[in-house]
Amino acid sequence: MDPLDVMMNKEKVIPYYQPIISADKQLVVGYEVLARMETEEGVEKLGWFFQDKSIPDDFRLELDDHMQKKALDAFLETEQKDVLFFNYDANLLLKDNGETLLKRIEPYREKGLNLNQIVLELKEEEVSNHLDDIKHLLAYLQNMGIRIAIDDLGQSNTNLDQIAMLKPNIVKVNVTFMEAEELPHLYREVHHSLAMLSRKIGATLLFEGISNFNQLNYAWRNGGRYYQGFYLMRPVPKFVNSAICKEKMQKEFHHFIVFERRKMEAQLALSNQLNQQLKALMKKISEQDSYDEMIMKVAKDCNPFAFRIYICNEEGFQQSSNAEKRRENDWVLIEEGRYKNWSWRPYFLENIVRMNVEKRGILSDLYTDIDRDERIRTYSYPISESLYLFLDIPYDFLFEQDGLL
Ligand code: CA
């Protein structure tokens, strides 16, 4: 289809609405407005029209305006209480300082539209080109009550500092990348950081492009509050009953929770097992043993679980060498690690305090070991109030057990 054909047949361009569902109530909370065109071959997508920057700005603005009018008319006529998400080209928004948009919305305010029922979706890529200018415009719009979503986030080149600076209300992450069989670690780490950042700046995380069970599960595990995608609901020409996905979501959440609980139970079981084993072993260690003799005794006892063992004091200074496993049951002492300080590591001090209060060991989360470049966990154990044992558990072991990865 030709851009001119679209413009000549504007009345055939209609909004479709893709429901956005929230995790907390499992209800539809809003709709992304998508352009569709009625043709003789059926209803066709028009996304390309808005992404093609070679189409004159005026055409794209005109069609955007046409879509917004149709959607807002329908929205008010059917007395919707939810939110409309409009895609907007950040360049076009900047070009007239949001005037076209505000002019479009103004008459609807008089008819009862609340500005916080409008979310503007801006693509990260476009926003980052004009960061300084757009920052002020967005703050102005937000002040009026319009909410801002940053779209198409979570690619590996996402700039977290830019997001923090823009303070969007909603952060949209596309999960279609997961269709490639193996989930790249890179994305998982970026999304984890995004989840943390969103929490800090008070933005809501929305996962879109959810087209299967695994992607919904991923969104749920990564702090997504809003979900959007074919797996939940396809775009439709009319607004829907807000409880349309409730039953399905509740069923899926139940599966997620059962599965995650099993994982947590497996972690707790390993933690308990190591705690008991080390407690028993400590009774056999004599006070005359040096720290290096201690860790070699632990290495012998915990051989299947560990590939590296060392002891730190309560301030994080390493007191022993490293005991490192060369081959099965073949441990060596590496002196170089002694007197290094580990207090700067995430969770280190928090874990020391916790172990001191709870008088038991702690199993860490999964993280990547710098030397081995593989995902591991660390078990920390309080020997006394001033001595703590650290036992690094290899990927191979975690892999063989259920629920530890
Ligand atoms: Ca969008």
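Note that this is a predicted model, so its numbers are computed, not measured.

Caption draft 1: Looking closely at the overall build of the protein. A tally of helices and strands in the protein yields 14 helices and 16 strands. Computed over its C-alpha atoms, the radius of gyration of the protein comes to 28 Å, more than 25% above the 22 Å expected for a compact globule of 405 residues. Viewed in the frame of its principal axes, the protein has a C-alpha envelope of about 90 × 45 × 35 Å. When the 405 residues of the protein are sorted by exposure, 48% land in the buried category. When contacts within the protein are restricted to residue pairs at least 6 apart in sequence, those whose partners lie at least 24 apart make up 62%. The averaged location of the 66 negative side-chain charges in the protein is 6 Å from the averaged location of its 51 positive side-chain charges.

Caption draft 2: Just the coordination of the calcium ion, in detail. Coordination of the calcium ion by the protein is provided by E32 (OE), N87 (OD1), E121 (OE) and D151 (OD), with metal-donor distances spanning 2.2 to 2.5 Å. For the calcium ion, the single-chain donor residues occur in sequence as E-x54-N-x33-E-x29-D. Taken as a pair, N87 in strand β4 (residues 83-87) and E121 in strand β5 (residues 118-123) lie far apart in primary sequence, 34 residues in all. When its relative accessible area of 1% is taken as the criterion, E121 is described as buried.

Caption draft 3: Broad picture of the packing of aromatic side chains. According to the stated counting rule, one finds 18 aromatic pairs in the structure shown. An angle of 70° between the planes, with centres 5.8 Å apart, marks the rings of F75 and F239 as edge-to-face. With F75 in helix α3 (residues 57-77) and F239 in the loop between β9 (226-227) and α11 (246-284), this residue pair connects regions lying 164 residues apart in the sequence. Of the two residues, F75 and F239, both sit in the buried class. Between Y395 and F399, the aromatic rings sit 5.9 Å apart at their centres with planes inclined by 25°, giving stacked as the arrangement.

Caption draft 4: The arrangement of unusual backbone geometry in detail. Even without a glycine there, the phi angle at N329 is positive, about 60°. Note on placement: N329 falls in the loop between β11 (322-327) and β12 (330-334). On the basis of relative accessibility, which here comes to 57%, the residue N329 falls in the exposed class. Although it is not a glycine, Y347 sits at a positive phi angle of roughly 70°. Along the polypeptide, Y347 turns up in the loop between β12 and α13 (348-358).

Caption draft 5: Fine view of the pairing of β12. As paired strands, β11 and β12 are joined by five bridges and run antiparallel to one another. Bridge assignment links K325 to a residue of β12, and that residue is W331. Linking β11 to β12, which pair antiparallel, is a turn of two residues; within it N329 sits at a positive phi near 60°.

Caption draft 6: A look at the layout of surface pockets. If you add up the space inside the second largest pocket, you get close to 1000 Å³. For the second largest pocket, the lining is made up of 41 residues, of which E32, L34, Q51, N87 and K123 are closest to its centre. Secondary structure elements with two or more residues in the lining of the second largest pocket: β2 (28-39), α2 (47-51), α3, β4, α4 (90-95), β5, α6 (124-128) and β6 (147-153). When residues of the lining of the second largest pocket are assigned to their parent elements, the largest contribution, five residues, is made by β2. Broken down by class, the residue content of the lining of the second largest pocket amounts to 13 nonpolar, 13 polar and 15 charged.

Caption draft 7: Expanded view of the pairing of strand β16 (residues 387-393). In terms of burial, β16 is largely enclosed, as seven of its seven residues are buried. Every second residue of β16 is oriented toward a common face, with L387, L389, L391 and I393 on one face and Y388, F390 and D392 on the other, all of them buried. Sheet analysis places strand β10 (residues 308-313) next to β16, joined by six bridges and oriented antiparallel. Note that in β16 the partner of C312 across the bridge is Y388. Where strand β15 (residues 374-382) lies against β16, six bridges are found, and the strand directions are antiparallel. Its bridge partner being in β16, T378 is matched across the sheet by D392. Adjacent in sequence and paired antiparallel, β15 and β16 are bridged by four residues.

Caption draft 8: Quick peek at the nonpolar core. With 75 residues, the main nonpolar core has L84, L93, L120, I146 and Y227 as its most contacted residues. In terms of residue count, the dominant contributor to this core is α3 (six residues). Discounting residues that sit within four places of it in the chain, L120 has contacts with F86, Y88, L93, L101, L141, I146, R147, I148 and A149. Core analysis: the second largest hydrophobic core is formed by 28 residues, I285, I309, A323 and L363 among them.

Caption draft 9: Summary view of the environment of L206. Looking at where L206 falls in the secondary structure, it is placed in strand β8 (residues 204-208). For L206, a relative accessible area of 0% puts it in the buried group. The residues contacting L206, other than those within four sequence positions of it, are I20, F85, I170, V171, K172, V173, Y226 and Q228.

Caption draft 10: Representation of the state of the cysteines. With the rule as written, the count across this model stands at zero disulfides. Its sulfur unpaired, C312 is 17 Å from the next cysteine sulfur, which belongs to C302.

Definitions and cut-offs
Numbers given to residues run from 1 along each chain, matching the order in which its sequence is written. The model is predicted, so local features are restricted to residues of pLDDT at least 70 and side-chain atom pairs to those at 80 or more, both for listing and for counting; the totals for chains, interfaces and linings are taken over all residues. Just so you know, side-chain values use all the structure's heavy atoms and leave hydrogens and water out. Secondary structure elements follow DSSP: runs of H or I of four or more residues count as helices, runs of E of two or more count as strands, with numbering from the N terminus. For the radius of gyration, the atoms used are the C-alpha atoms, and the globule rule reads 2.2 Å times the number of residues raised to 0.38. Each residue gets one of three labels from its accessible area relative to the maximum for its type: buried under 20%, exposed over 50%, partly exposed in between, using a 1.4 Å probe on protein chains only. By definition in these notes, contact holds between two residues if any of their heavy atoms fall within 4.5 Å. The charged-residue count follows a simple rule in which Lys and Arg add positive charge and Asp and Glu add negative charge, with His and chain termini not counted at all. Lysine's charge is taken at NZ, arginine's at CZ, aspartate's at CG and glutamate's at CD. Metal donors were taken as nitrogen, oxygen and sulfur atoms no farther than 2.8 Å from the ion, or 3.2 Å where the ion is Na, K or Ca. Water is excluded, so coordination may look unfinished. Two aromatic rings, drawn from Phe, Tyr or Trp (for Trp, its six-membered ring), form a pair once their centres lie within 6.5 Å of each other, and the interplanar angle then sorts them: stacked below 30 degrees, edge-to-face above 60, tilted otherwise. By the convention used here, strands pair only if DSSP detects at least 2 bridges between them. The definitions used throughout rest on a 1 Å grid laid over the protein atoms alone, on which a cavity is an enclosed set of points accommodating a 1.4 Å probe that cannot get out and a pocket is an open set flanked by protein within 12 Å on both sides along at least five of seven lines; lining residues are those having an atom within 4 Å of a point. Grid points are joined across faces, edges and corners, and a volume is the space filled by probe spheres set on the points. Three classes are used, and their members are as follows: Ala, Val, Leu, Ile, Met, Phe, Trp, Tyr, Cys and Pro are nonpolar, Asp, Glu, Lys and Arg are charged, and the others, Gly among them, are polar. Grouping buried Ala, Val, Leu, Ile, Met, Phe, Trp, Tyr and Cys residues that are joined through side-chain atoms within 4.5 Å yields what is termed a nonpolar core. Pairs of cysteine sulfur atoms within 2.5 Å are identified as disulfides in what follows.

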